[in-house]
Amino acid sequence: MNYIWSGIIIISLIFGFINGQLAETLAAGLDGAASAITVLLSFAGIMCFWSGILKIASECGASRICEKLLSPLIARLFPKVRDRGNITMNIIANLLGMGNAATPAGVAAMCELDELNGGKSEPGHEMCRFAVMNTASLQILPTTVIGILAACGAKDPYGIVPCVWISSVLSLCAALIAEEIIYKRSLKK
């Protein structure tokens with residue numbers, strides 16, 4: 001990846017020099033870097049906020065309430081798992097579009113699923129299902145993306161919500177169906 005970015009920068013500088021616009025090319029690069037820092041800081045603030053909210057929810061028992069509400073669905077998807085708290089928190093974080101804030105709960109849940117797998121070198125069915133659900137997650141309110149759009153000055157940062165609903169439902173359904181088909185094929189071998 002470093003070679004790709006380095007190549008893009010070198011090619012940009014060469015064409016800027018050839019076209020007599022080297023100063024403008026360098027200025028655009030610096031402006032882009034400044035914009036990237038602004039967006040990064042906005043994104044970091046959003047991530048810290050949601051990570052704090054998840055920690056508060058965990059400490060005050062809200063995660064247990066959410067676990068009870070989602071337990072019929074999660075028990076059906078992960079029948080072998082006894083403590084579904086981390087899976088629940090990961091799903092809720094993904095539902096709220098918190099992306100990176102869902103990672104700590106996701107890592108802890110995957111460790112628990114690995115223990116259920118018995119330390120085998122290949123991931124178990126529930127591990128694969130969880131990875132698929134985490135990757136192609138359903139999002140009700142894509143807060144991180146809305147925050148980034150707002151930080152970049154979008155006129156209607158919430159305008160993406162209906163598209164996110166449609167695409168996240170379709171991608172999650174497709175991913176779960178594909179995972180189930182692959183799992184059943186692996187059993188036949």
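Residues numbered from 1 in each chain as written. Predicted model: local features only at pLDDT ≥ 70, side-chain atom pairs only at ≥ 80, totals over all residues. Heavy atoms only, no water.

Undergrad: Even after reading the chapter, I still don't get the overall build of the chain, so can you show me in this structure?
TA: Of regular secondary structure, the chain possesses eight helices and zero strands. When the elements of the chain are put in sequence order from the N terminus, they spell out α-α-α-α-α-α-α-α. When each of the 189 residues of the chain is scored for burial, the buried share is 27%. Considering only intrachain contacts with a sequence separation of at least 6, the fraction spanning at least 24 residues in the chain is 60%. Here the chain carries 14 positive and 13 negative side-chain charges, and the mean point of each set is 12 Å from the other. (Helix = DSSP H or I, 4+ residues; strand = E, 2+ residues; numbered from the N terminus. Buried < 20%, exposed > 50% of the residue type's maximum accessible area, 1.4 Å probe, protein only. Contact = heavy atoms within 4.5 Å. Lys, Arg positive; Asp, Glu negative; His and termini not counted. Charge placed at Lys NZ, Arg CZ, Asp CG, Glu CD.)

Undergrad: I'm lost on the side chain of Asn 90 in this one. Help?
TA: Structurally, Asn 90 can be placed in helix 4 (residues 85-95). In this structure, Asn 90 is in contact with Ala 102, Ala 105, Gly 106, Phe 130 and Asn 134, ignoring residues within four places of it in sequence.

Undergrad: Quick question: what am I supposed to make of the nonpolar core here?
TA: Looking at soluble globular proteins, one finds that nonpolar side chains tend to be buried together. By size, the foremost hydrophobic cluster in this structure holds twelve residues: Ile 74, Leu 77, Phe 78, Val 81, Ile 87, Ile 91, Ala 109, Leu 113, Met 127, Phe 130, Met 133 and Leu 172. Among the elements of the structure, helix 3 (62-77), helix 4, helix 5 (103-116) and helix 6 (125-135) are those that each provide at least two residues to this core. Here this core takes three residues from helix 6, the largest share from any one element. Among residues more than four places away in sequence, those in contact with Ile 87 are Ile 74, Phe 78, Val 81, Ala 109, Leu 113 and Phe 130. Formed by ten residues, the second largest nonpolar core is a distinct cluster that contains Ile 46, Ala 57, Ala 93 and Ala 105. (Core = buried A, V, L, I, M, F, W, Y, C linked by side-chain atoms within 4.5 Å.)

Undergrad: When you look at the packing of aromatic side chains in this model, what are you seeing that I'm missing?
TA: On inspection of all chains with the given rule, the structure shows one aromatic pair. On the numbers, 6.1 Å between centres and 70 degrees between planes, the contact of Phe 78 with Phe 130 is edge-to-face. Of this pair, Phe 78 sits in the loop between helix 3 and helix 4 while Phe 130 sits in helix 6, and the two are 52 residues apart along the sequence. With relative accessibility at 0%, the residue Phe 78 sits in the buried group. (Phe/Tyr/Trp six-rings, centres within 6.5 Å; stacked < 30°, edge-to-face > 60°.)

Undergrad: Is there a simple way to think about a positive patch on the surface in this case?
TA: The grouping of Lys 184, Arg 185, Lys 188 and Lys 189 at the surface amounts to a positive patch. If you trace the backbone, Arg 185 turns up in helix 8 (residues 161-188). (Patch = residues over 30% accessible without salt bridge, like charges linked within 9 Å, V, L, I, M, F, W, Y side chains within 5 Å. Areas by Shrake-Rupley, 256 points an atom, 1.4 Å probe, with all protein chains shown as cover. Salt bridge = Lys/Arg side-chain N within 4 Å of Asp/Glu carboxyl O.)

Undergrad: Explain the layout of surface pockets here, please?
TA: The gaps left among the atoms become clear once a water-sized probe is rolled over them. One number sums up the size of the largest pocket: a volume of about 520 Å³. The wall of the largest pocket is formed by 21 residues, among which Pro 123, Gly 124, His 125, Glu 126 and Tyr 183 lie closest to the centre. Of all elements in the fold, only helix 3, helix 5, helix 6 and helix 8 reach the threshold of two or more residues within the lining of the largest pocket. Residue contributions to the lining of the largest pocket peak at six residues, all from helix 6. (1 Å grid on protein atoms, 1.4 Å probe; cavity = no way out; pocket = protein on both sides within 12 Å on 5 of 7 lines; lining within 4 Å. Points joined across faces, edges and corners; volume = space filled by probe spheres on them.)

Undergrad: What should I look at first to understand the packing of helix 4 against helix 5 in this one?
TA: Each packed pair of helices is defined by two parameters, the angle between the axes and the distance between the axes. Contact geometry of helix 4 with helix 5 gives a least axis separation of 8 Å together with a crossing angle of 145 degrees. The handedness of the crossing between helix 4 and helix 5 comes out as left-handed. For the pair helix 4 and helix 5, contact is made by Asn 86, Ile 87, Met 89 and Asn 90 and by Ala 105, Gly 106, Ala 108, Ala 109, Glu 112 and Leu 113, respectively. Its residues assigned to classes, the contact of helix 4 with helix 5 comprises six nonpolar, three polar and one charged. (Axes fitted to C-alpha atoms, helices over the stretch in contact; angles between N-to-C directions. Left-handed = near helix turned anticlockwise from the far one by under 90°. Nonpolar A, V, L, I, M, F, W, Y, C, P; charged D, E, K, R; others polar.)

Undergrad: Sorry, what's going on with helix 6 here?
TA: Owing to its 3.6 residues per turn, the α-helix brings residues three or four apart onto one side. Listing the buried residues of helix 6 in full gives His 125, Glu 126, Met 127, Arg 129, Phe 130 and Met 133. The elements touched by buried residues of helix 6 are helix 3, helix 4, helix 5 and helix 8.

Undergrad: Help me understand the packing of helix 4 against helix 6, please; the structure alone is not making it clear to me.
TA: It is at 10 Å that the axes of helix 4 and helix 6 come closest, and there the two elements cross at 25 degrees. On the basis of the axis angle, helix 4 is roughly parallel to helix 6. For the pair helix 4 and helix 6, the crossing hand works out as left-handed. Taken together, the residues of helix 6 that come into contact with helix 4 (itself represented by Ile 87, Asn 90, Ile 91 and Asn 94) are Phe 130, Met 133 and Asn 134. Looking at side-chain class alone, the contact of helix 4 with helix 6 contains four nonpolar, three polar and no charged residues. (Parallel < 35°, antiparallel > 145°, perpendicular 65-115°, else oblique.)

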